[in-house]
Amino acid sequence: MFGQGRTSTEIARILEVSDESVRRWRRVWEEGGADALRRRPATGRPPKLDDTQVEQVRTALERGAQAHGFEADLWTLERVGLVAERMTGVSLSRASVWRLLTGRLGWSLQRPERRAVERDESEIARWIAHEWPRIKKGR
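This write-up is about the structure you can find in this document. The structure presented is a predicted model; accordingly, all values stated were derived computationally and were not measured.

**Observations concerning the packing of helix 4 (residues 77–88) against helix 5 (residues 94–104)**
Phase 1 of the analysis: Where helix 4 meets helix 5, the axes come as close as 9 Å, and the angle between the chain directions of the two elements is 85°. Judged by the angle between their axes, helix 4 and helix 5 are roughly perpendicular. Packed against helix 4, whose contacting residues are L77, E78, V80 and G81, the element helix 5 presents R94, V97, W98 and L101 at the interface.
Phase 2 of the analysis: The class makeup of the residues in the contact of helix 4 with helix 5 is 5 nonpolar, 1 polar and 2 charged.

**Some words on the packing of helix 3 (residues 51–62) against helix 4**
To characterise two packed helices, one gives the angle between the axes of the helices and the distance between these axes.
Phase 1 of the analysis: Their axes nearest at 9 Å, the elements helix 3 and helix 4 cross at an angle of 125°. Comparing the axis directions of helix 3 and helix 4 gives the class oblique. Helix 4 is crossed by helix 3, and the crossing has right-handed handedness. Of the residues in helix 4, those in contact with Q53, Q56, V57, A60 and L61 of helix 3 are V80, V83, A84, M87 and T88.

**A closer look at a nonpolar patch on the surface**
Phase 1 of the analysis: Taken together, the side chains of M1, I14, L15, V17, W25 and L37 define a hydrophobic patch exposed on the protein surface, amounting to about 460 Å² of accessible area.
Phase 2 of the analysis: Examined against the element boundaries, V17 turns out to sit in the loop between helix 1 (8–15) and helix 2 (19–32).
Phase 3 of the analysis: Assessed through its relative accessible area of 31%, V17 is described here as partly exposed.

The rules behind each value
Residues numbered from 1 in each chain as written. Predicted model: local features only at pLDDT ≥ 70, side-chain atom pairs only at ≥ 80, totals over all residues. Heavy atoms only, no water. Axes fitted to C-alpha atoms, helices over the stretch in contact; angles between N-to-C directions. Helix = DSSP H or I, 4+ residues; strand = E, 2+ residues; numbered from the N terminus. Parallel < 35°, antiparallel > 145°, perpendicular 65-115°, else oblique. Contact = heavy atoms within 4.5 Å. Nonpolar A, V, L, I, M, F, W, Y, C, P; charged D, E, K, R; others polar. Left-handed = near helix turned anticlockwise from the far one by under 90°. Patch = residues over 30% accessible without salt bridge, like charges linked within 9 Å, V, L, I, M, F, W, Y side chains within 5 Å. Areas by Shrake-Rupley, 256 points an atom, 1.4 Å probe, with all protein chains shown as cover. Salt bridge = Lys/Arg side-chain N within 4 Å of Asp/Glu carboxyl O. Buried < 20%, exposed > 50% of the residue type's maximum accessible area, 1.4 Å probe, protein only.

Now the structure itself:
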């Protein structure tokens, strides 16, 4: 868009970003061309686990928690951290385990539904169909 002669304001509106961002990008583009605008690798400390180790952990987690000696087949951050340490020899903090699960593995938080053992689905359906409308009308 810079090469087409568009203004910073016009580009900002099209891309839905701030004018300041476009002005900063324009300065970079004028100094180094389109290659200078390309995404750079993230800076900072490298991850504790390499891609091969992450795949080892993924494979282990997919086997389930009970396969690793836990009583319930439920993953917690602590359990995942223990399994990751057993598989890779690398100790991870809870925050690192969370980043591993959500960032590198693409998993999300899942909570088991808590349901009473006595729950009767047919009685619930009957109540919703018959009792709830009666109660609602009484308002």
